[in-house]
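# Architecture and fold: a report
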Amino acid sequence: MASVSLESHPIETSVAVTPDKVCECKGIRTCLICEGVKSSKFAPYIDNPNVFYSVCCNCGEAKKYIEPPSEVNLYCNGNTCVKTLKSELLIENLIIEGMVLDGIHLVKEFISELEEIQLISIIDSIEWKNSQSGRRKQNYGPKVNFKRKKLKLGEFTGLPPYAEGLVKKINSLKTFSTFKPVEFCNLEYTAEKGASIDPHYDDKWVWGDRLISISTLSDSVITFYSQDLSVQVALPLPRRSFLGFWGSSRFNWLHGVKRKDIDVRRVSITLRELNKAILDSPDLEEIGDLVIETGSKYHGNPT
Ligand SMILES: O=C(O)CCC(=O)C(=O)O
Ligand SMILES: [Fe+2]
């Protein structure tokens, strides 16, 4: 993940850091493996919303809660929606506490049960690397220095072969017909490790407007957070669904996946495009073109 987040404003506590290396968590990040074993000099992010909403993944209606529910329902009526069931949801004009939350496209059953089995068996035949907050990852993408704003090809040789069919399907969606992925990352979340991803913005310098997350193996929830984190909006992500988000949901709201919303193993496939501003910059245009060209090849190895 490339993020601007709470890590940029950590709150220091007086606890000393021990040198134990039990996992890949750094700074304020923790997982069930390191909690209680490793002490951090940073206070972890504490989930404490003032206002909580959940959105029905069929009709897109948002419901306000006095207390956040222990489990977020997929639909406004529990296990179903009061409106006719549709295969896609486009959120274009949702107002939450006076703030616009838009630019969300959810496609249910984006991949079939068979495609899910085939994808996961290929993905699991490739080495997983431990990542922060109990996640594991497999990444295909250029080398980016987010702080120094530097972009290089690094070890990027293209997306994996199995991505080709997925990208074709993504390009058949009206909102993503021009999407050219330059980063492809599989993330694994398990309840055993208490995996999660803290509220963050994906990097706004290198990555373009549109972000994608395809959910496999279990239903889960992505939460959008207002800038001060006081307002949370939970959007259910059904198993095998496609989520594309851009505009205010990408740039004005942070997003994350909570530990409590991972019951069983979830693998998400995330795709990112290059920020157009990179191609407009005389210094970066050449490397930008090369990164896009490399992203259009499907014989890549993990980076
Ligand atoms: O797992 C997901 O669906 C979201 C992952 C994410 O936000 C990220 O990798 O930046
Ligand atoms: Fe993200």
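Residues numbered from 1 in each chain as written. Chains lettered and ligands numbered in written order. Predicted model: local features only at pLDDT ≥ 70, side-chain atom pairs only at ≥ 80, totals over all residues. Heavy atoms only, no water.

An unreviewed UniProt entry annotates the protein chain as Alpha-ketoglutarate-dependent dioxygenase alkB-like protein 4-like of Oopsacas minuta. Per its UniProt entry, the protein chain bears the Sequence similarities (unreviewed entry) comment "Belongs to the iron/ascorbate-dependent oxidoreductase family." According to UniProt, the comment filed for the protein chain under the heading Cofactor (unreviewed entry) is "Fe(2+)". (UniProt positions renumbered as here; feature names shortened; annotations may be inferred.)

Turning our eyes to something else, we now look at the coordination of the iron ion (ligand 2). Distances from the iron ion (ligand 2) to its protein donors, His200 (NE2), Asp202 (OD) and His255 (NE2), fall at 2.0 to 2.2 Å. On the primary sequence, the residues serving as donors to the iron ion (ligand 2) are separated as H-x1-D-x52-H. Residue aspartate 202 is located in strand β13 (residues 197-202), and its partner histidine 255 is located in strand β18 (residues 254-257); the two are separated by 53 residues in the primary sequence. The exposure classification of aspartate 202 matches that of histidine 255, with both residues buried. (Donors = N, O, S within 2.8 Å, 3.2 Å for Na, K, Ca; no water. Helix = DSSP H or I, 4+ residues; strand = E, 2+ residues; numbered from the N terminus. Buried < 20%, exposed > 50% of the residue type's maximum accessible area, 1.4 Å probe, protein only.)

Burial within strand β2 (residues 51-55) is extensive, with 5 of its 5 residues counted as buried. Side-chain alternation along β2 places Val51, Tyr53 and Val55 on one buried face and Phe52 and Ser54 on a second face that is also buried. Relative to strand β3 (residues 62-65), β2 is paired through 4 bridges, and the arrangement is antiparallel. When the sheet's bridge partners are listed, phenylalanine 52 is paired in β3 with tyrosine 65. Connecting the antiparallel pair β2 and β3 is a turn made up of 6 residues, with glycine 60 showing a positive phi of about 80 degrees. (Pairing = 2+ DSSP bridges.)

Taken together, 12 residues are adjacent to ligand 1, and Tyr189, Ser213, Arg266, Ser268 and Arg272 come closest. Within the side chain of tyrosine 189, an N or O atom sits 2.6 Å from an oxygen atom of ligand 1. Within the side chain of histidine 255, one N or O atom sits 3.0 Å away from an oxygen atom of ligand 1. Protein chains bury 96% of the 300 Å² of accessible surface belonging to ligand 1 in isolation. Examining the composition of the shell around ligand 1, we find that 4 residues originate from one element, strand β19 (residues 266-274), more than from any other. Taken together, the residues of the shell around ligand 1 break down into 4 nonpolar, 5 polar and 3 charged. (Near = heavy atom within 4 Å. Polar contact = N/O pair within 3.5 Å; in protein donor to acceptor, adjacent residues only side chain to side chain. Areas by Shrake-Rupley, 256 points an atom, 1.4 Å probe, with all protein chains shown as cover. Nonpolar A, V, L, I, M, F, W, Y, C, P; charged D, E, K, R; others polar.)

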